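Coordinate analysis (summary)
If you want the building blocks of each chain, they are given just below.
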Amino acid sequence: GAVVSQHPSRVICKSGTSVKIECRSLDFQATTMFWYRQFPKQSLMLMATSNEGSKATYEQGVEKDKFLINHASLTLSTLTVTSAHPEDSSFYICSARDRRTNEKLFFGSGTQLSVL
Amino acid sequence: GENVEQHPSTLSVQEGDSAVIKCTYSDSASNYFPWYKQELGKRPQLIIDIRSNVGEKKDQRIAVTLNKTAKHFSLHITETQPEDSAVYFCAARSRSGYSTLTFGKGTMLLVSP
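Description of the overall build of chain B
- A count of helices and strands for chain B gives zero helices and 11 strands.
- Listing the helices and strands of chain B from first to last along the sequence gives β-β-β-β-β-β-β-β-β-β-β.
- Here the C-alpha radius of gyration of chain B, 14 Å, is about what a compact globule of 113 residues would show, namely 13 Å.
- Along the first, second and third principal axes, the C-alpha atoms of chain B reach 45 × 30 × 20 Å.

And the structure:
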């Protein structure tokens with residue numbers, strides 16, 4: 001199946017710093033990528049939808065100035081958590097939709113963010 | 001928007017037994033229903049999916065059924081094995097907007113040897 005690479009897998013940062021997470025589709029083009037947040041033992045909460053070459057669409061309650069999303073190419077989307085605080089600590093996971101099928105969704109391996 | 005309910009939240013079975021997880025959705029326009037398996041600390045993996053023009057799909061020990069009239073779909077795992085232990089998420093895709101997936105809350109399946 002298609003491969004989605006997400007880096008870093010784990011990051012620990014100080015409060016107030018910014019963290020960038022990358023999501024790449026390795027063997028397919030993804031016109032749309034999605035960013036989720038997952039708390040322990042809970043479901044995937046969609047944060048935003050990222051379309052190549054256009055502004056991301058954020059879900060209600062998600063601060064777009066805090067969670068900056070850039071989808072510069074058909075294979076790369078980035079999520080930057082700006083001025084991170086301890087409450088931003090979570091598992092962030094991206095997914096990409098295969099342009100060929102425009103249906104199946106493949107997930108990155110996730111990033112565990114810990115803000116001290 | 002779409003709302004997906006998933007039951008049960010936890011399911012414990014003995015190895016060899018069958019496991020059934022059920023989901024309901026609210027948007028009658030939804031047309032694609034995938035199931036994902038997520039092991040602890042790992043990415044969700046697509047295990048099976050079904051489209052609204054099909055009532056049932058099977059892949060070895062895994063099957064999914066869809067009842068469009070009742071707006072519910074189910075995952076069936078037969079001859080369960082300890083390695084089936086994981087969290088399973090159902091999802092539904094609405095045709096509106098960017099066709100995002102709405103996920104159920106997940107079912108933790110524990111298969112005891």
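Read on for the rest.
Side note on the sheet that holds strand β8 (residues 72-77) of chain B
Residue and element names in this part refer to chain B.
- Pairing is antiparallel across the open sheet formed by five strands, whose spatial order is β1-β3-β8-β7-β6. Looking at strand neighbours, the two that pair on one side only are β1 (4-7) and β6 (56-59), the edges of this open sheet. Strand after strand, the sheet turns through a mean of 15° between neighbouring axes, direction not considered.
- The pairing of β6 with strand β7 (residues 62-67) spans four bridges and is classified as antiparallel. Among the inter-strand pairings, E56 is bridged to a residue of β7, identified as T65.

Concerning the nonpolar core
- Within the largest apolar cluster, 25 residues are counted, with the highest numbers of intra-cluster contacts made by A:V4, A:F28, A:W35, A:L79, A:Y92 and A:L113.
- Elements with a minimum of two residues in this core: β2 (10-13), β3 (19-25), β4 (32-38), β5 (44-51), β7 (67-73), β8 (76-81), β9 (90-97) and β11 (111-115) of chain A.
- Setting aside residues no more than four positions away along its own chain, A:L113 makes contact with A:V11, A:C13, A:V19, A:V81, A:D88, A:S89, A:S90 and A:Y92.
- Core analysis: the next-biggest nonpolar cluster, separate from the first, contains 24 residues, B:V13, B:W35, B:I48 and B:C90 among them.

Quick notes on the rules
- What you see as residue numbers is a count from 1 along each chain, following the sequence as written.
- All chains are assigned letters beginning at A, and all ligands numbers beginning at 1, according to the order in which they are written.
- Under the rules for a predicted model, residues below a pLDDT of 70 receive no local features and side-chain atom pairs below 80 are neither given nor counted, while totals for whole chains, interfaces and linings still include all residues.
- To obtain the side-chain values, all non-hydrogen atoms of the structure were used and water was disregarded.
- Secondary structure elements follow DSSP: runs of H or I of four or more residues count as helices, runs of E of two or more count as strands, with numbering from the N terminus.
- Only the C-alpha atoms count toward the radius of gyration. The rule for a globule is 2.2 Å times the residue count to the power 0.38.
- In short, DSSP must find at least two bridges between two strands for them to pair.
- Interaxial angles span 0 to 180 degrees and are taken between N-to-C directions of axes, which are lines fitted to C-alpha atoms, for helices over the stretch in contact.
- Here, nonpolar core refers to any group of buried Ala, Val, Leu, Ile, Met, Phe, Trp, Tyr and Cys residues whose side-chain atoms link them within 4.5 Å.
- Summary of the burial criterion: residues with accessible area below 20% of their type's maximum are buried, those above 50% are exposed, and those between are partly exposed, where the area comes from a 1.4 Å probe applied to protein chains only.
- A contact between two residues is defined here by any heavy atoms of the two lying within 4.5 Å.

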